[in-house]
Amino acid sequence: MTLTEFDMPVEMPKGLDSPLELAGVNFTSRLIVGTGKYASNEIMVDAIRASAAEMVTVAVRRVDLDRTKEEAILHHLDPEEFFLLANTAGCYTAEDAIRYARLARAAGFNEFVKLEVIGDDKTLLPDVQHTIEAAKILANEGFKVMAYTNDDLVTALRLEDAGCVAVMPLASPIGSGLGVVNPYFIREIKRRLEVPVIVDAGVGTASDACITMEQGVDGVLMNTALAAAKDPVQMAHAMKCATISGRLAFLAGRMTSHEIAVPSSPKVGMLD
Amino acid sequence: MIQVRLNGKDLSVSNGHTIRSLLQSIEINPLGVVVELNREILTRDAYSDLEIKEGDKIEVVHFVGGG
């Protein structure tokens, strides 16, 4: 039996949370998922549905004229069902990222772009200088820029100043599955920015998504954690629950932590 | 015949092709792609008017899975 065969409850209780608002567009789900690296398009679509994500990322690439490789993803993903967020993945300069963003917008779905400019091959860490430069130009052209960046506060502030509609610091390197390596910096970025903060990249399993949301951020974006799970559909359900759980825990307000034990039961009233 | 570069590959095409007829000849639905001609993005209504010239660099892109 697969998870798509029975219904998957676990919803954010109505009225508890506000929607995730990105440049005037409201999303109920705070989970955004990628569409890369799935074993099949069918598994991808089932996993995305199980995740309850409304926004999904896609990449821009040459059409394979030999038709031996990748099929167009829109044969499988209905743009009426999912809000497409095109990325500039694979770009190493502001110029390239701008070119890819313009191509994506010309497809005619929306003006949102996930800006990603890579600065280092091995870690896939962002080139912040090029990212900021591209963000300024794209924002001026009317793009709704959601910028992937590292967990550096100053860069995040600059991206906000550049006109980004969301800033997306990494939890840890893309595809690493290492979880949130620096929760303090994520919290600090969230505290200081006015635009939504979405943690993008590095989430490996449900607890990572939960911990991410507990930092108070507005959303979490992941791809490999689902696509590379043994059962992507089941993991997608786990991520949906974890994202809601983490958000609820944040809204509930956690207890103060102490580095000493504090008994839960009364000290008085003990027998002689 | 003229020589063009299509998606990074050299291609010989007969004279008089427009972007639209080129897409047709390689069986690509114009609605599912975006076309860049010599680094300029084309609007779909321009496909029928633009005649392909010797040395043109054409990129035909679409959305694929990505994170």
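The structure this text deals with has already been given above.
About the criteria used
- Residues numbered from 1 in each chain as written.
- Chains lettered and ligands numbered in written order.
- Predicted model: local features only at pLDDT ≥ 70, side-chain atom pairs only at ≥ 80, totals over all residues.
- Helix = DSSP H or I, 4+ residues; strand = E, 2+ residues; numbered from the N terminus.
- Rg over C-alpha atoms; globule rule 2.2 N^0.38 Å.
- Buried ≥ 20, exposed ≤ 12 C-beta atoms within 10 Å, placed from the backbone.
- Contact = placed C-beta atoms within 7 Å.
- Nonpolar A, V, L, I, M, F, W, Y, C, P; charged D, E, K, R; others polar.
- Pairing = 2+ DSSP bridges.
- Axes fitted to C-alpha atoms, helices over the stretch in contact; angles between N-to-C directions.
- Parallel < 35°, antiparallel > 145°, perpendicular 65-115°, else oblique.
- Left-handed = near helix turned anticlockwise from the far one by under 90°.
- Core = buried A, V, L, I, M, F, W, Y, C linked by C-beta atoms within 7 Å.

**Details of the overall build of chain B**
- In terms of regular secondary structure, chain B is built from one helix and five strands.
- Ordering the α and β elements of chain B from the N terminus gives β-β-α-β-β-β.
- Taking 67 residues into account, the globule formula puts the C-alpha radius of gyration at 11 Å, and chain B, at 12 Å, falls close to it.
- Viewed in the frame of its principal axes, chain B has a C-alpha envelope of about 40 × 25 × 20 Å.
- Evaluated residue by residue, chain B yields a buried proportion of 27% over its 67 residues.
- Pairs at least 24 apart in sequence give 57% of the contacts found in chain B among residues at least 6 apart.

**Concerning the interface of chain A and chain B**
- On the side of chain B, 18 residues touch chain A, which itself brings 27 residues to the contact.
- Among the elements of the structure, β4 (55-62), β5 (83-87) and α2 (94-106) of chain A are those that each provide at least two residues to the side of chain A that touches chain B.
- A class-by-class count of the residues in the side of chain A that touches chain B yields 15 nonpolar, seven polar and five charged.
- Two strands pair when backbone bridges link them, and β4 of chain A and strand β5 (residues 57-65) of chain B are joined in this way by five bridges, in the antiparallel orientation. Looking at the pairing, Ala59 of chain A lines up with Val64 of chain B of β5 of chain B.

**Thoughts on the pairing of strand β1 (residues 2-6) of chain B**
Residue and element names in this part refer to chain B.
- Relative to strand β2 (residues 9-13), β1 runs antiparallel, the two sharing five bridges. Residue pairing for β2: Val4 is matched across the bridge by Leu11.
- Between the end of β1 and the start of β2, which pair antiparallel, lie two residues, with Asn7 showing a positive phi angle near 50°.
- Note: β1 against β5, two bridges, orientation parallel. By the bridge assignment, Leu6 is partnered in β5 with Ile58.

**Describing unusual backbone geometry**
- A positive phi is found at Ala23 of chain A, a non-glycine position, where the angle reads about 50°.
- In this fold, Ala23 of chain A is placed in the loop between β1 (20-22) and β2 (25-27).

**Some points on the packing of helix α6 (residues 206-214) of chain A against helix α8 (residues 232-252) of chain A**
All names here are of chain A.
- Running from amino to carboxyl end, α6 crosses α8 at an angle of 25°, the nearest separation of the two axes being 7 Å. Between α6 and α8, the angle is such that the two are roughly parallel. For α6 against α8, the interelement crossing comes out right-handed. Where α6 abuts α8, its residues Ala206, Ser207, Ala209, Cys210, Ile211, Thr212, Met213 and Glu214 lie against Ala238, Met239, Cys241, Ala242, Thr243, Ser245, Gly246, Arg247, Ala249 and Phe250.
- For the contact of α6 with α8, the per-class residue count stands at eleven nonpolar, five polar and two charged.

**Focus on the nonpolar core**
All names here are of chain A.
- If you look at the biggest cluster of nonpolar residues, it comprises 96 residues, and the most contacted ones within it are Leu115 and Met146.
- Considering every element that reaches this core, the biggest residue donor is α2, with seven residues.
- When neighbours within four sequence positions are excluded, Leu115 is seen to be in contact with Thr88, Ala97, Ala101, Thr131, Ala134, Ala135, Leu138, Val145, Met146, Ala147 and Tyr148.

These results come straight from atomic positions and should not be treated as a statement about function.
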